[in-house]
Amino acid sequence: MLPGILRDVIFDYTLRNVALGSALLGIVGGVLGTFAVLRRQGLLGDALAHAALPGICLAYMLANSKAPLVLMIGAAISGWIGTLLILRIVEDTRLSEDTALGVILTVFFGLGIVLLTYIQHSNDANQAGLDKYLFGQAATLVQEHVITMAAVGSIALALVAVFFKEFKLLSFDPEFAASIGFPVRGLNVLLTSSIVIAVVIGLQTVGVVLMAAMLIGPAAAARQWTNRLGVMLALSGFFGAASGVVGAMISVTGSRLPTGPLVVLCVTAIVIVSILFAPERGVVWDSLRRRSNRRAILEQGQQP
Amino acid sequence: MTVAGTAATAPVAIRDLTVAYREQPVLWDVDLTLPEGKLIAIVGPNGAGKSTLIKAIMHLVPRTSGTISIFGKPYEQQRRLVGYVPQRGSVDWDFPTNALDVVQMGMYGKLGWVRRPGKRERETALACLEQVGMTAFANRQISQLSGGQQQRVFLARALAQDAQIYLLDEPFAGVDATTERAIIEVLRDLRSRGKTLIAVHHDLESLREYFDWLVVMNVRIIAAGPLETTLNAENLHAAYGGKILTLGAIGQPQLVGAE
């Protein structure tokens, strides 16, 4: 006899879509988030996610459609523009990266809220549900969404599989990569585009406000458990999927809470456990080791 | 200025190179021809453009003007002949990888797109680690290595490039005595095999012991030539400016006072 929830996930149409969709966004977010975190671009992912909101609204207004692919393309384009603007500001002005991030994130998000409010006040019956893009609502996932997410997400995962070696060198030592002739600028575009994909396929479920957690959290937790990039990618994808599914399930079954915050809480639980208890890097083992070292040194010192 | 060899055959020949970040020139009108098979030091005060010069050779920084040729051909065609040891501080050593993996990165250029390193690359990488005395640390996470060991891993990665010319950005900066000896031994071995080694160097005291050719610079090239004729108070004074330099009794330059 299967436990009730597991039986529902397999046989219930809504729950199955929710579980598959949130597992997908967790895997893709976790894998691409690993590169974002290693390149110290976690907050760039946050800005990117916020910058996607006006794109979602404009795509809806122009196409008058809530088809997932239409909204994803809108989100991707405006997220991309936001990201490019940040990188340009850092390169061409004397403003620091955090200033550029702050400016672009708030401007795009503000514009997104203005557009969203305008759409909501426009007596358009079809618009209901667009506001769910703020904090995410896994219950809105239908099969069409899941199929689109799988198709788009597998592009990002395939890019990582094919260019694993190139992305690794780009993340570790971009200058050396350039010296041996890798087109660093092109690879940057490719990797950043993959991160854009990871963000946009999660927006409906997790929301623009908290999507960055799906990039940063799983990767930060995974780094604690391994010293190998390949393992870190797999673990991060697994952590992302686990927290995505658990968060979405709590959100859908009963509570009706927005999915984004619940997913974030699940990710954070994994991060906390990892930071405290992971072997080698865990804070708890670290302090125990330090204490036993100190005792050993003191005992040695007392011997004549 | 001494011109060694002809530009058409020299391992590195630089003509009219100027590099400017914003309005400030970092390198001004550099003409330089470096000889083959020598251990060459680039010295000059902080901000003299030493690192920028070796990065400009590899086209890592945008040039305002100038051409660079490697054995008579443009850098783009000769990339495989150039190995690079960046400053140790230029990367995040907490990256999830081990020493062996970093050394294998030296072969990524030859591997080309998509192909992953295999058994042969692994064996080459192990041999390179052995040359720098790091065999025992092959599987060590790179953040657990000491600064000197990290520097040796970078050198091993350059060895894995199997180049003709090696550009090294402060290879001796902040390393322990063991590492310094290990590095200089490797560099001498490379020189004996006809390779050209170009290192940004900070320690004027060890110049005479380690190097046989010298470039003195401060934005412009002040002097370039064999160490015996180029290492003198006049050139160093021209580069280091207000700081007074004298040549000690054994010919060692010494900083005897600042400003």
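What this report covers is the structure whose coordinates are included nearby. Values in this document were obtained by computation on a predicted structure and should not be read as measured data.

**Digging into unusual backbone geometry**
All names here are of chain B. Residues other than glycine seldom take positive phi values, yet histidine 59 does so here, at roughly 60°. Topologically, histidine 59 is positioned in the loop between α1 (50-57) and β4 (65-70). Its identity is not glycine, yet aspartate 162 carries a phi of approximately 50°, on the positive side. For aspartate 162, the location among the structural elements is in the loop between α6 (147-160) and β7 (165-169).

**Description of the environment of Val206(A)**
All names here are of chain A. You can see valine 206 is positioned in helix α10 (residues 184-206). For the pair formed by valine 206 and proline 258, sequence separation is 52 residues and the distance between their alpha carbons is 8.1 Å. Once residues lying within four places of it in the same chain are set aside, the contact partners of valine 206 are Leu25, Phe135, Gly136, Met211, Met214 and Gly260.

**Here's the deal with the packing of helix α7 (residues 143-162) of chain A against α10(A)**
Between two packed helices, what matters for the description is the angle formed by their axes and the separation of those axes. Residue and element names in this part refer to chain A. Where α7 meets α10, the axes come as close as 9 Å, and the angle between the chain directions of the two elements is 160°. When the interaxial angle is binned, α7 and α10 end up roughly antiparallel. At the point where α7 passes α10, the crossing takes the left-handed sense. Between α7, through His145, Met149, Val152, Gly153, Ile155, Ala156 and Leu159, and α10, the contact on the second element is made entirely by Leu190, Ser194, Ile197, Ile201, Gln204 and Thr205. Taken together, the residues of the contact of α7 with α10 sort by class into eight nonpolar, five polar and no charged.

**Considerations on the interface of chain B and chain A**
On the chain A side, the residues contacting the 34 residues of chain B number 32 residues. Contact between chain B and chain A buries roughly 2,900 Å² in total, counting both sides, with carbon and sulfur atoms accounting for 59%. Per-residue buried area on chain B facing chain A is highest for Phe95(B), Pro96(B) and Trp113(B); these three make up 24% of the total on that side. Applying the counting criterion to the chain B and chain A interface returns six salt bridges. With its nearest N and O atoms 3.4 Å apart, the salt bridge here joins Asp94(B) to Arg223(A). Residue assignment for the side of chain B that touches chain A shows that the elements contributing at least two residues are α3 (99-104), α4 (108-111) and α6 of chain B. Grouping the constituent residues of the side of chain B that touches chain A by class yields 17 nonpolar, seven polar and ten charged.

**Details of the side chain of Ser78(A)**
Residues and elements named next belong to chain A. In this structure, serine 78 sits in helix α4 (residues 68-92). Judged by relative accessible area, which is 9%, serine 78 ranks as buried. When residues no more than four places from it in sequence are discounted, the contact partners of serine 78 are Ala51, Ala52, Leu53, Pro54, Gly55 and Phe108.

**Remarks on helix α8 (residues 164-172) of chain A**
The element α8(A) is largely enclosed, with a buried count of nine among its nine residues. Residues of α8(A) that are buried include every one of Phe164(A), Lys165(A), Glu166(A), Phe167(A), Lys168(A), Leu169(A), Leu170(A), Ser171(A) and Phe172(A), and no others.

Cut-offs and rules
- Residues numbered from 1 in each chain as written.
- Chains lettered and ligands numbered in written order.
- Predicted model: local features only at pLDDT ≥ 70, side-chain atom pairs only at ≥ 80, totals over all residues.
- Heavy atoms only, no water.
- Helix = DSSP H or I, 4+ residues; strand = E, 2+ residues; numbered from the N terminus.
- Contact = heavy atoms within 4.5 Å.
- Axes fitted to C-alpha atoms, helices over the stretch in contact; angles between N-to-C directions.
- Parallel < 35°, antiparallel > 145°, perpendicular 65-115°, else oblique.
- Left-handed = near helix turned anticlockwise from the far one by under 90°.
- Nonpolar A, V, L, I, M, F, W, Y, C, P; charged D, E, K, R; others polar.
- Buried area = accessible area lost by both parts, 1.4 Å probe.
- Salt bridge = Lys/Arg side-chain N within 4 Å of Asp/Glu carboxyl O.
- Buried < 20%, exposed > 50% of the residue type's maximum accessible area, 1.4 Å probe, protein only.

Bear in mind that shape data such as this cannot, by itself, settle questions of function.
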